[in-house]
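Summary of structural features
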Amino acid sequence: MGPSLGVHELLHVFSFLEARDLLRAAQVDKVWNEVSGTKELWRQLCLRRWSSCKDSQVTRGTQTWKQYYLCRSELDFRVESGRPEKDFVCKALAGHKGEIAKLAYISPNEYCFDRREKSVVCTASSDGTVRAWNLHAGMEIWSSPLQPDALVNLVTYPQLQLVVTVDAQGLIKVWEAESGRESASFCLPTHSSALEASDHPEGPFLLAACADGTLYTLTVPGLQVLSRVSVFPNHPASLLCSPDCQWVFTLAQDSDLSPKVFHSHSLLCPLEDEPPVSTALPIGLTSKACWAPDEPARLVVVHRDDSGVQWVVTTYEPGAKKSRDAVSVLVQQIASFNLPDTMMPPHLMKGHGSQVVLLVSGSELVLFTIHGLRLAAFQDHQRPITSLCVDQSRVVTSSFDLSLRVYMWKKGNKFPVLKSCYHLLGGSHRWAR
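Nothing here was measured: the structure is a model prediction, and the numbers come from that model.

1. Points about the packing of aromatic side chains
Tallying each qualifying case throughout the model produces 6 aromatic pairs. Consider the rings of F337 and F368, whose centres lie 5.3 Å apart with planes at 40 degrees: the pair is tilted. Taken as a pair, F337 in strand β20 (residues 327-338) and F368 in strand β23 (residues 364-369) lie far apart in primary sequence, 31 residues in all.

Following this line, the structure appears as structure tokens:
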């Protein structure tokens, strides 16, 4: 019999194996079993398969990277398979007497394998209440007191366990997610056109855009005013914070005004008698925009070209240039391409990774790279798609045909591949988001 491999040699060999091979190696003998369960081997497997993995995730319901890998692999298999009763259940959350204007998760973790932590979502409704729901149990946890006006928007701060709502008159309120107790309020001068939550390194803050084009930056949870700036006079604005929370994209709704990018530090710490640091993008009529989730600040925008005829998708990266006396914004264009003439203007848009953008036009879902390479197109719905949810593992679309469509990301040679998996059918005419 030849000489046996030592622990360090085994570790080197095992680093080239996939999970299935490591599990087989663990059955050889005691030494192989111990080495094949080494933390770093399974950590690298997790990071290769799920780029969004973080060390903190391992402590939620799993004690080791190996346990995390096995639990999440089983979850992915169940999501991809979609077997009724085995892999998914459908629960109706009844309680609101009006239309649900917005919903958002308040649960701090994406994956939970120990069943001890609840998966909680909050909803704001035109009936004047905000409510929290335990999704696994299909039960209401709490409901706020009836508010004088309809609630029109909601954002959450999972790490702080806070919910923020705004009503039809512009009254903003902060609610404690555990109890539903109101903790702060602030009234905008007009009704709100957009709310955006941000967990900035200097502290969490809230952005609130008014219908008159004014942008408020407020502290969280106290809702104290940090800055107030007129962005698009007499035009309501949409808001998007970059993944690194350093930039705020603002877009005038139903207008050909050029969108603007603000440096968030200048909104948090405004200088007396000086406007916030910002710049206008060199484009006109803009339809949709999104940030690439895997980049600190990569902005993808759908807009008309200079002639006003062709729809273009352009990608920018903003940066701050500091001098002795001031900070200026430099925006670099890194890619651009024309949408096909046969494609209707997209009404939904999301980014994936660093290079992929998903566009929805009517009932069609189309994937492009930021350089214009068409990766895939799906037309699984019979009626227009009304909502699009994208994360590291999957894509879910909803439609007026009363169905959800589930897709799964797979690794490709150069770009990720999206696989169409199955429909979830049923519901009512209100199930469109």
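What follows continues from the structure just given.
2. Here's the deal with the domain arrangement of the protein chain
Split into domains, the protein chain comes out as domain 1 (10-81) and domain 2 (342-432). If you sort the residues of domain 1 by the area they bury against domain 2, D76, V79 and E80 come out on top, with a joint share of 62%. The interface formed by domain 1 and domain 2 holds 1 salt bridge in total. Notably, a salt bridge pairs R394 with D76, separated by 4.0 Å at the nearest N-O pair. At the boundary of domain 1 and domain 2, one finds 2 residue pairs in polar contact (both at pLDDT 80 or more). When contributions to the side of domain 1 that touches domain 2 are tallied by element, the ones reaching two or more residues are α4 (39-49) and α5 (65-81). Here the element with the most residues in the side of domain 1 that touches domain 2 is α5; it accounts for 6 residues. Across the side of domain 1 that touches domain 2, the residue classes break down as 2 nonpolar, 3 polar and 6 charged.

3. Quick word on the packing of α4 against α5
Closest axis-to-axis distance for the α4/α5 pair is 8 Å, and the angle between their directions is 30 degrees. Regarding the angle of α4 to α5, the classification is roughly parallel. Regarding α4 and α5, the two cross each other, and that crossing is left-handed. Where α4 abuts α5, its residues K39, W42, R43, L45, C46 and R49 lie against W65, K66, Y68, Y69, S73 and D76. A breakdown of the residues in the contact of α4 with α5 according to their chemical character gives 6 nonpolar, 1 polar and 5 charged.

4. Things to note about the layout of surface pockets
Over the atoms a probe the size of a water molecule is rolled, and this reveals where empty space is left. The space that makes up the second largest pocket amounts to roughly 950 Å³. If you trace the second largest pocket, you find 31 residues lining it, with R48, R49, W409, K410 and K411 closest to the centre. When residues in the lining of the second largest pocket are grouped by element, the largest group, 6 residues, is from α5. Its residues assigned to classes, the lining of the second largest pocket shows 12 nonpolar, 9 polar and 10 charged. Two domains each donate at least three residues to the lining of the second largest pocket, and these are domain 1 (10-81) and domain 2 (342-432).

5. Remarks on the sheet that holds strand β4 (residues 139-143)
Here 4 strands make up an open sheet; going across it, the order is β1-β2-β3-β4 and the pairing antiparallel. Of all strands in the sheet, those bounded by a partner on one side alone are β1 (100-105) and β4. Each adjacent strand pair in this sheet contributes to an overall mean axis angle of 25 degrees, direction not counted. Two elements, β1 and strand β2 (residues 120-125), share 5 bridges in a ladder whose sense is antiparallel.

6. Side note on the side chain of S264
Take S264: it is sitting in helix α6 (residues 264-268). Those residues within four positions of S264 in sequence are excluded, and the remaining contacts are H200, F205, C245, Q246, W247 and V248.

7. Side note on the pattern of salt bridges
Under the counting rule described, the total for this entry stands at 11 salt bridges. Note that R181 is salt-bridged to E176, the shortest N-O span being 2.5 Å. For E176, a relative accessible area of 25% corresponds to the partly exposed category. For the salt bridge of R405 with D380, the shortest nitrogen-to-oxygen distance reads 3.5 Å.

8. A closer look at empty space enclosed by the protein
This structure, assessed with the given rule, holds 1 cavity of 30 Å³ or more. Of the voids in this model, the largest cavity is the one considered here, and its volume is about 30 Å³. Looking at the largest cavity, the residues that line it are C290, A292, V300, G351, S354, Q355, V356, V357 and I370. The residue inventory of the lining of the largest cavity, partitioned by class, reads 6 nonpolar, 3 polar and no charged.

9. A look at the nonpolar core
Residues I172, L206 and L223 are the most contacted members of the largest nonpolar core, which totals 18 residues. Secondary structure elements with two or more residues in this core: β5 (151-157), β6 (162-167), β7 (171-176), β8 (182-187), β10 (203-210) and β11 (214-219). In terms of nonpolar packing, the next biggest core, distinct from the first, is built from 16 residues, L207, L215, C241 and L268 among them.

10. Some points on the pairing of β11
On a regular strand, each side chain points to the face opposite its neighbour's, so the side chains alternate between the two faces of the sheet. Here β11 lies mainly inside the structure; 5 of its 6 residues are buried. Summarising the sheet, β10 and β11 pair through 5 bridges and their orientation is antiparallel. Bridge pairing in β11 links L206 to L218. Where β10 folds back onto β11 in an antiparallel hairpin, the turn is made up of 3 residues, including G213, whose phi is positive at roughly 90 degrees. Bridging between β11 and strand β12 (residues 225-230) involves 5 bridges; their strand directions are antiparallel. Counted as the bridge partner of L215 is V229 from β12. Linkage of β11 to β12, two consecutive antiparallel strands, is achieved through a turn of 5 residues, within which L223 is found at a positive phi near 60 degrees.

Conventions used here
Residues numbered from 1 in each chain as written. Predicted model: local features only at pLDDT ≥ 70, side-chain atom pairs only at ≥ 80, totals over all residues. Heavy atoms only, no water. Phe/Tyr/Trp six-rings, centres within 6.5 Å; stacked < 30°, edge-to-face > 60°. Helix = DSSP H or I, 4+ residues; strand = E, 2+ residues; numbered from the N terminus. Domains from an automatic or database assignment. Buried area = accessible area lost by both parts, 1.4 Å probe. Salt bridge = Lys/Arg side-chain N within 4 Å of Asp/Glu carboxyl O. Polar contact = N/O pair within 3.5 Å; in protein donor to acceptor, adjacent residues only side chain to side chain. Nonpolar A, V, L, I, M, F, W, Y, C, P; charged D, E, K, R; others polar. Axes fitted to C-alpha atoms, helices over the stretch in contact; angles between N-to-C directions. Parallel < 35°, antiparallel > 145°, perpendicular 65-115°, else oblique. Left-handed = near helix turned anticlockwise from the far one by under 90°. Contact = heavy atoms within 4.5 Å. 1 Å grid on protein atoms, 1.4 Å probe; cavity = no way out; pocket = protein on both sides within 12 Å on 5 of 7 lines; lining within 4 Å. Points joined across faces, edges and corners; volume = space filled by probe spheres on them. Pairing = 2+ DSSP bridges. Buried < 20%, exposed > 50% of the residue type's maximum accessible area, 1.4 Å probe, protein only. Core = buried A, V, L, I, M, F, W, Y, C linked by side-chain atoms within 4.5 Å.

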